[in-house]
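Survey of secondary and tertiary structure
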Amino acid sequence: PPRAQPLQQKKSAAKASTAAKNTTTTKPATRGRPRAAATAAATKKQTAAKPAAKPAAKPAASRKRARAEDTTEKDAKDAPVKPVKKRRAEAEEDEEETARQPKRARVAKPSAAKPKPKAKPKVVINQAPTARLNVYVCGEGSSGELGLGPAKNAIDVKRPRLNPHLPSDTVGVVQVAVGGMHCVALTHDNKILTWGVNDQGALGRDTNWDGGYKDMDNKDNSDSDSEDDEEPDLNPYESTPTAIPASVFPDGTVFVEVAAGDSSSFALTDDGFVYGWGTFRSNDGILGFDASTTVQLTPTLLPALKKIKHVVCGDNHVLALNEKGAVFSWGSGQQNQLGRRIIERNKLNGLLPREFGLPKNIVHIGCGAFHSFAVHQSGKVYAWGLNSYGETGIREHAGDSEAAIVHPTLVDSLSGKNVTQICGGAHHSLAVAADGECLVWGRLDGYQTGLKIDSLPDDVVIKDERGRPRILIKPMAVPGIKAQAVAAGSDHSIAIDAEGRPWSWGFSATYQTGQALRTTSRSPPLSRTLPFAVRSSTGLVVVASSLSLRSL
C-alpha cells in the first residue's frame, strides 16, 4: 500500500546511516588537488608493475634477532592497556621495593697519583765559623755552668781553665754563648752542645738523673758547719757538655750560630731559620716561651722568622736581624727592651717576633740584660730599653729607677764612632769602634767601665745624692786596649785585643773576671779599676763566665 512505502524508506535510511557510522573513512590527502592525486596514482601503478628486488639473505643470527624483535613489538601492541590507577599503584610498589633493597656502597675509583710538588731548593745565606777553638772557663760552677763535669774541683775556678770536655782537635767548638746559668756551643761538625741548669728547658734535652740524694742518718757527726769536704752533687747530664739529639731537627739542617738568654737558647741555620727552646721570665716569674707554651723543653722552629742573618739575646728578650736589614724583637717587654710598648694585660703578645720602629738597612744588633742596640749602615746607633744607669748612652732620665727609652732613639754620643760591635751587661755597655777603640758607658760604681773614676770629667758623670760618681753617661775609650771583640757579664767586662789577648775588669765576687780576686765582707770589691790581662799558660781563645757573659 502507498502508506507503507515511506515507513520502509525510513527504515532503509536508518540502516544506511548506522552502517555509515560503523564504517571508518579516511579523507584523501589530495583533497582539492586532483592533478597531484592523479600523478601519485599513476606512479603507484608503475611501481606495483615492476618486479620487487629480492632482499639480500640475512645471517641466521640476524634473522632470529629480527623475529624476536617483531614478536616483542607484536606482543607489546597486542598487550591490553592497563588503567592509569593500576599503573600508578604498580609504580609505587616498584619504588618501595627499590627503597627496601640495600644500597650498594660506592667505591671510589682510584685517581691518578698527582705528582708531588718539587721541593724548593735550599738557599744558603749564612756561613758557619770554621776555626776550632779551645774553651777556657772561670767563675762559679756550683750548678754545672762551667761544663767541667761533676768533679769536686768544678765549683770555683779562680783562673781560666781549659775545659777537658771540649778539646779543639776532637770536639772542635767554633762558637759559644753563655746565658744566665747555662751555656750553648756550636761545633765544627754541626752539633749543638749544652750544659748548666736545665730547670726551665734551657738545655733543650732530657737531663733527668736519679742520683744526688743523701742519707742523712749515715752522715758523720761533726761540729763543723762546713761542707767543703763533701762531694758535690752535680747532675752529670747537666754539668757535662752534651749534644742535643740530631733527631729533633729536620734532615739537612745546618747551624751557623747560637745565642743564650737567662733561661732560653736559640740556634740559627744556614738558610736563615731560627730554632728556640727554654722560656722567658718576667718580674712575676715565668712568662712563657710563646703564647701557647710555657716551657719549651726541646728545640722548635720559630715560623715567624725567615732569612735571618744574626740573633742576639738579653736576659729575657731576643733580637733577630734579617737579610734586608729589618730587626725583629720578642720576649719580655716590661722594661721596654722590645722597642714597642707592651700592655701588661696583653703581655703575651710580646712573645711573638715582630718588627718595630727601626729604619731598614740595619747592619748590626746588640743586647744588654734589659736594653738593646741597633747600628745602621750609615753608622748611626739606636738604643732603647731600661736606662736607669744611662746604659743606653742617652742622658734622658738617666739615674731614675724607672727610667726607660720606650722606642728606638738615636744615640748622639756614638755618632761618628763607626761602631762595629756593641753589647751590654745589666747596667753598663761596651762597643768596638772601627779604629779599635774599646768604648764603655753606664754604671761605674762597681768598676764596670774599667776607668779611673776620679779622673773622669764632671760633665760625663752623674752622681748620686751623696755626691759619689755613679753613672758614666758618655761613651769613653778604655786606654791601652785596641779591641777586636768585647763581651759583658752582669757587672764585669771582657775584651780581646788585636793580638788575641783577653782583658777583664769589673765585679768579681765569684772569680768571674778570672783574676783570682773576689769580694769579701771586710773590704770593698777587689775588682780591678783598670783592665787586667787574664793569664794563661797556653793562651786564651774564648772565655765563658757563669754570670750571663754574652758570646764573644
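The structure under discussion appears in the preceding block.
What counts and what doesn't
Residues numbered from 1 in each chain as written. Predicted model: local features only at pLDDT ≥ 70, side-chain atom pairs only at ≥ 80, totals over all residues. Heavy atoms only, no water. Buried < 20%, exposed > 50% of the residue type's maximum accessible area, 1.4 Å probe, protein only. Helix = DSSP H or I, 4+ residues; strand = E, 2+ residues; numbered from the N terminus. Pairing = 2+ DSSP bridges. Salt bridge = Lys/Arg side-chain N within 4 Å of Asp/Glu carboxyl O. Phe/Tyr/Trp six-rings, centres within 6.5 Å; stacked < 30°, edge-to-face > 60°. Contact = heavy atoms within 4.5 Å. Core = buried A, V, L, I, M, F, W, Y, C linked by side-chain atoms within 4.5 Å. Domains from an automatic or database assignment. Polar contact = N/O pair within 3.5 Å; in protein donor to acceptor, adjacent residues only side chain to side chain. 1 Å grid on protein atoms, 1.4 Å probe; cavity = no way out; pocket = protein on both sides within 12 Å on 5 of 7 lines; lining within 4 Å. Points joined across faces, edges and corners; volume = space filled by probe spheres on them.

Points about the pairing of strand β5 (residues 192–196)
- For β5, the buried fraction is high: five of the five residues fall into the buried class.
- The two faces of β5 match: I192, T194 and G196 on one face and L193 and W195 on the other face are all buried.
- Pairing between strand β4 (residues 182–187) and β5: five bridges, direction antiparallel. Residue pairing in the sheet places H182 in a bridge with G196 of β5.
- Between β4 and β5, which pair antiparallel and follow one another directly, the connecting turn spans four residues, one of which, N190, has a positive phi of 70°.
- With two bridges connecting them, β5 and strand β6 (residues 242–243) associate as antiparallel partners. Bridged to T194 within β6 is T242.

A short note on the pattern of salt bridges
- Scanning the model with the defined rule gives 10 salt bridges in all.
- One salt bridge in this structure joins K122 and D270, with 3.1 Å as the shortest N-O distance. Here K122, found in the loop between α4 (84–100) and β1 (135–140), pairs with D270, found in the loop between β8 (264–269) and β9 (274–278); they are 148 residues apart in sequence, far enough to count as distant.
- Relative accessible area serves as the criterion here: at 41%, K122 is assigned to the partly exposed category.
- Look at D270 and you get buried, because its relative accessible area is 7%.
- D189 serves as the salt-bridge partner of K191, at 3.9 Å between the closest nitrogen and oxygen.
- Residue class for K191 comes out partly exposed when judged on its relative accessible area of 43%.
- Relative accessible area serves as the criterion here: at 36%, D189 is assigned to the partly exposed category.

Some words on unusual backbone geometry
- Even without being a glycine, N190 presents a positive backbone phi close to 70°.
- Within the element layout of this structure, N190 appears in the loop between β4 and β5.
- Phi is positive for Y511, which is not a glycine, with a value near 65°.
- Here Y511 is to be found in the loop between β27 (502–506) and β28 (532–533).
- The class for Y511 is buried, based on a relative accessible area of 6%.

Focus on the packing of aromatic side chains
- The final tally for this structure, using the stated rule, is nine aromatic pairs.
- Taken together, a centroid distance of 4.7 Å and an interplanar angle of 70° make the contact between F249 and F255 edge-to-face.
- For F249, a relative accessible area of 10% gives the class buried.
- Seen in terms of ring centroids, F266 and F289 are 6.5 Å apart; in terms of plane orientation they differ by 20°. Their pairing is stacked. A residue pair is termed long-range when its members are at least 10 positions apart, and F266 in strand β8 and F289 in the loop between β11 (285–288) and β12 (296–301) qualify at 23 residues.
- In this structure an aromatic cluster arises from ring pairing among F266, F280, F289 and W330.

Some thoughts on the sheet that holds β6
- The antiparallel open sheet is built from four strands, whose spatial order is β3-β4-β5-β6. Of all strands in the sheet, those bounded by a partner on one side alone are β3 (173–178) and β6.

A word on the environment of T207
- Along the chain, the position of T207 falls in the loop between β5 and α5 (236–239).
- Judged by its relative accessible area of 8%, T207 is buried.
- Residues T207 and S239 lie 32 residues apart in sequence; the distance between their C-alpha atoms is 9.8 Å.
- Excluding residues within four positions of it along the chain, T207 makes contact with N198, N235, Y237 and E238.

Quick word on the nonpolar core
- If you look at the biggest cluster of nonpolar residues, it comprises 26 residues, and the most contacted ones within it are V327, I365, V381, W384 and I422.
- Elements with a contribution of two residues or more to this core: β14 (317–322), β17 (362–367), β18 (371–376), β19 (381–386), β21 (419–424), β22 (428–433) and β23 (437–443).
- In terms of residue count, the dominant contributor to this core is β19 (four residues).
- Here this core gathers at least three residues from each of two domains, domain 1 (122–205 + 232–353 + 510–551) and domain 2 (358–507).
- Setting aside chain neighbours within four positions, we find I422 in contact with H364, I365, G366, F373, V375, V381, L414, L430, A431 and W441.

Here's the deal with the side chain of Q421
- Along the polypeptide, Q421 turns up in strand β21.
- In terms of polar contacts, Q421 uses its side chain to reach the backbone carbonyl oxygen of V486, at 2.8 Å.
- Not counting chain neighbours up to four residues away, the residues in contact with Q421 comprise H364, L430, A431, V432, Q484, A485 and V486.

A look at empty space enclosed by the protein
- The tally for this structure, following the rule as stated, stands at one cavity of 30 Å³ or more.
- Roughly 30 Å³ of internal volume is contained in the largest cavity.

Considering the environment of K474
- For K474, the position within the fold is in strand β25 (residues 469–488).
- Between the C-alpha atom of K474 and that of G390, which follows or precedes it by 84 residues, the distance is 8.6 Å.

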